[in-house]
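# Architecture at a glance
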Amino acid sequence: MTERWVYGFDDLAAAEAAAGGGWEGVRALLGGKGAGLADMTRAGVPVPPGFTVTTAACNAYLAAGGALPAGAWEQILAALAGVEAATGKRFGDPADPLLVSCRSGAKFSMPGMMDTVLNIGLNDATAAGMTALTGDERFVYDAYRRLVQMFGAVVLGVADEPFEHAIAARKAAAGVKDDADLAAADWRALTDAFKAIVAGATGRPFPTDPLEQLRLATEAVFRSWNGKRAVDYRNAAGIRHDLGTAVNIQTMVFGNMGAGSGTGVAFTRNPADGTPELYGDYLMNAQGEDVVAGIRNTQPIAALAAEMPAVFEAFRTTVARLERHYRDMQDVEFTIERGRLWMLQTRNGKRTARAAVRIAVDMVGEGLIDRAEAVRRVTPDHVDFFLHPQFVAAARSQAVAAGRRLASGINASPGAAVGVAAFDADTAEAWGKAGRDVVMVRPETKPDDVHGMLASKAILTSRGGATSHAAVVARQFGVPAVCGAEAIEIDLDARLLRAGGAVVREGDTLSVDGTTGEVFAGAIETEVPDLSDRDLSTLLGWADGFRRLGVWANADYPDDAERARSFGAEGIGLCRTEHMFFEADRLPVVREMILADDTAAREAALARLLPIQREDFHGILSAMRGLPVIIRLIDPPLHEFLPDHTELVAEVARLEATGSDPDALADRRRLLAAVDGLREANPMLGLRGVRLGVLFPEIIRMQVRAILEAAVDLARRGVDVRPEIMIPLSSHVNELKRMRVLVDETSAAVFAERGASVGFKFGTMIEIPRAALTAAALAEVCEFFSFGTNDLTQTTYGISRDDAEARFLLHYVEHGVLPANPFQTLDVDGVGQLIRLAVDRGRAARPGLEVGICGEHGGDPDSIAFCHAVGLDYVSCSPFRVPVARLAAAHAALAAAEPVTA
């Protein structure tokens, strides 16, 4: 039996049966666009008749090296006959021709990344027939030249520029500015010119057989699935490459049939900020590509209410119905043909992070979705956006006062960015990969520009509206964008832009504010906004009700701790005491301690450090009152606190040569000797962490004393303190037994001296595979484990992170040797198995063992999902990742289908 490759828009039931009944299966089979068209047809929404060639047919076509699967063409012809019956028109009939469009439509929306061909079925004979039917030769030849242009570019691979140059030359000859001002004779002449361009570029005439046009266009859309821009987009969006695209073949309706016709794209809510209002653009006497391509500046959708009130009311009612049906903001395309509204597409709309949060919260209030669904719809990347830079208000005001504001346009995608101007996508990509911050500047962007857009910090166009290609892609990927900045004149040949009297050349700095729609010359200072957004706070509060994992923060100073707490941190999972040693007021004392010739001298230096450390711990314990604070004792090799060896050698040589300062020379020689004595072939696996404590126990005693004295002093003042003392880099239980003795002896002494005590926990950082393997023994001594996954990944892989990332690791990821950078996303199959084993063995030896993670993976959503699965108590991350981790932990709980508690 021949597989079914084609489904009519009016045959959704059959597609549901073939897909197993689920809507996701239908979208996978028909693509999002095809599924939406079929669903709208079933709901009675005015949709031009048509049919979908499935994603399965695309995959079969690509797998066969470019051959339609058996039976597919016959099914397309049968479905086409059904469209002819529904419309009363015949494909290729000069008397009353049926024209169709051929559009891509994958399961996941990829705006502009694949190909479309309009007006299929036009040739000289059908054009003459349509002219006789409509009496509008201008409309017919405008449509005809579009077919030749799109077919040439999409199907035959002809460059766009010759077509655009021909139009520009014709407008210049006619003395007009806009395409809409060209007459019928102009479009007829351009149609002939376009045919000549196609023939000259391909060596064969433009195909006039409508069926050949349809077959070639269908195959071209299939091939576009593997086009560079589509692949780049899928890589950036995390969309699988094996899904394929469907092809939607649909009766053409025309927005370019005169004053009573038009076309547009709109969203049921504002995709930039989530405001519940219709948002979009339209053009009268135009076809849909004119709107999204940005080649003409559009009218806001609200203006349609005055221009065509009855059509606007029908449109408003229809899209409101679609939003209620899909329970999400819709992105719709529509055409008005001689006063009649047709809906060409609906899909869940792309939106900014701010809009995603507001829409999710608002829809809960409107009863469309519940809180769990709202939390699921907001991604960790959405939350991360709220930490993106904005321009400092005072710096922006200064730029305005200085006359540096070049232009204003449509605030198409929010956020602020500073970068150098690049006038094409290839330059933007090359500079971005080289580490430069880039603002891509174009008259309008095309799908082929997506690689440059993804590499840019901001996008600026002089044409196009809120639903142009540049705006949609920028919002999708969180890139600030200003579109339709008409005051800017872009000269691509000279690689510069002009605005008023200002000239900005390629490589000059621009500042782009996608929130306000402003563009400035030069750099403006940016700042990270706070997280006081009401809707975000509401949504994260809901997320907290679903998650099981605690979210703690890594913080070394009181200010960091206060910030983490304000972001929702429930504890400090890593306070690194060595960072405190690097401060200017104490580094000389630390060096004195390191250079001490004997224990007595070392203890004297440590006695001077004690009150400083005590004050450090006083600050962070006070900031986190009522919450746990894990303090890691000294970890790095001692040589890190001394001057660089190479610099010391050079300085000693200089002092020896000049002989000008004998005392300084003696000091530098002493330092050099100390550095030489501490040098190791591999210091990260040398004398550091617990090993320092074993060799120099006086350092541990000082740090433990400082922690507990601060804790007792605060407790006496009524502050609820919960210190936890962590030993780094343990590999053997005997190391921890020695440290436990030191800690217990010191705590007993402090509590006796102070006449008071506080509770505290003793634990270790699991950073070495042997520690994970012997977790049962370690748990007999420890009350908590914290996985230091940065070092655990290094020691598991046997690599140095810095060397690996500089030399081969990125190559491994790019070429598929590794699925991801294991220092960014936890290696579940390797490092993850050590974590799982350590948790199981540790809790078997000590039920109730507290277990968390404090490496950078603690802020990575994929890693957080693993931490949830293996039963960790908390994840700890940088303060600015805390809100992201709160949401990711909720997603992990909801994905695991745990009981809903909020």
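Up top you'll find the structure we're talking about.
Definitions and limits used
- Residues numbered from 1 in each chain as written.
- Predicted model: local features only at pLDDT ≥ 70, side-chain atom pairs only at ≥ 80, totals over all residues.
- Heavy atoms only, no water.
- Phe/Tyr/Trp six-rings, centres within 6.5 Å; stacked < 30°, edge-to-face > 60°.
- Helix = DSSP H or I, 4+ residues; strand = E, 2+ residues; numbered from the N terminus.
- Buried < 20%, exposed > 50% of the residue type's maximum accessible area, 1.4 Å probe, protein only.
- Lys NZ or Arg CZ within 6 Å of the ring centre and 35° of its normal.
- Salt bridge = Lys/Arg side-chain N within 4 Å of Asp/Glu carboxyl O.
- Axes fitted to C-alpha atoms, helices over the stretch in contact; angles between N-to-C directions.
- Parallel < 35°, antiparallel > 145°, perpendicular 65-115°, else oblique.
- Left-handed = near helix turned anticlockwise from the far one by under 90°.
- Contact = heavy atoms within 4.5 Å.
- Nonpolar A, V, L, I, M, F, W, Y, C, P; charged D, E, K, R; others polar.

Bringing the packing of aromatic side chains into the picture now. All told, the structure shown has twelve aromatic pairs when counted by the stated rule. Consider the rings of Tyr141 and Tyr144, whose centres lie 5.9 Å apart with planes at 40°: the pair is tilted. Placement of both Tyr141 and Tyr144 in helix α6 (residues 137–155) is noted, with a separation of three residues, approximately one turn of the helix. When its relative accessible area of 0% is taken as the criterion, Tyr144 is described as buried. The ring centre of Trp431 lies 4.4 Å from the NZ or CZ of Arg436, which sits over that ring.

All chains considered together, the criterion is met by 60 salt bridges. Its salt-bridge partner being Glu506, residue Arg495 comes within 3.0 Å of it at the nearest N-O pair. In this pair, Arg495 is assigned in the loop between β20 (488–491) and β21 (496–499) and Glu506 in the loop between β22 (502–505) and β23 (509–513), connecting sequence segments eleven residues apart. The class of Arg495 is partly exposed, set by a relative accessible area of 25%. Assessed through its relative accessible area of 24%, Glu506 is described here as partly exposed. Here Arg754 and Asp713 are joined by a salt bridge, their closest N and O atoms 3.2 Å apart. With Arg754 in helix α30 (residues 733–754) and Asp713 in helix α29 (residues 697–716), this residue pair connects regions lying 41 residues apart in the sequence. A network of salt bridges, in which partner residues are shared, links Arg614, Arg705, Glu709, Asp713, Glu753 and Arg754.

Attention shifts here to the packing of helix α5 (residues 124–134) against α6. Running from amino to carboxyl end, α5 crosses α6 at an angle of 150°, the nearest separation of the two axes being 8 Å. Here α5 is positioned roughly antiparallel relative to α6, judged by the angle of their axes. The handedness of the crossing between α5 and α6 comes out as right-handed. Residue-level inspection shows Asp124, Ala127, Met130, Thr131 and Thr134 of α5 in contact with α6, the latter providing Glu137, Phe139, Val140, Tyr141 and Tyr144. Among the residues making up the contact of α5 with α6, the classes are represented as six nonpolar, two polar and two charged.

Structural measurements only, silent on function.
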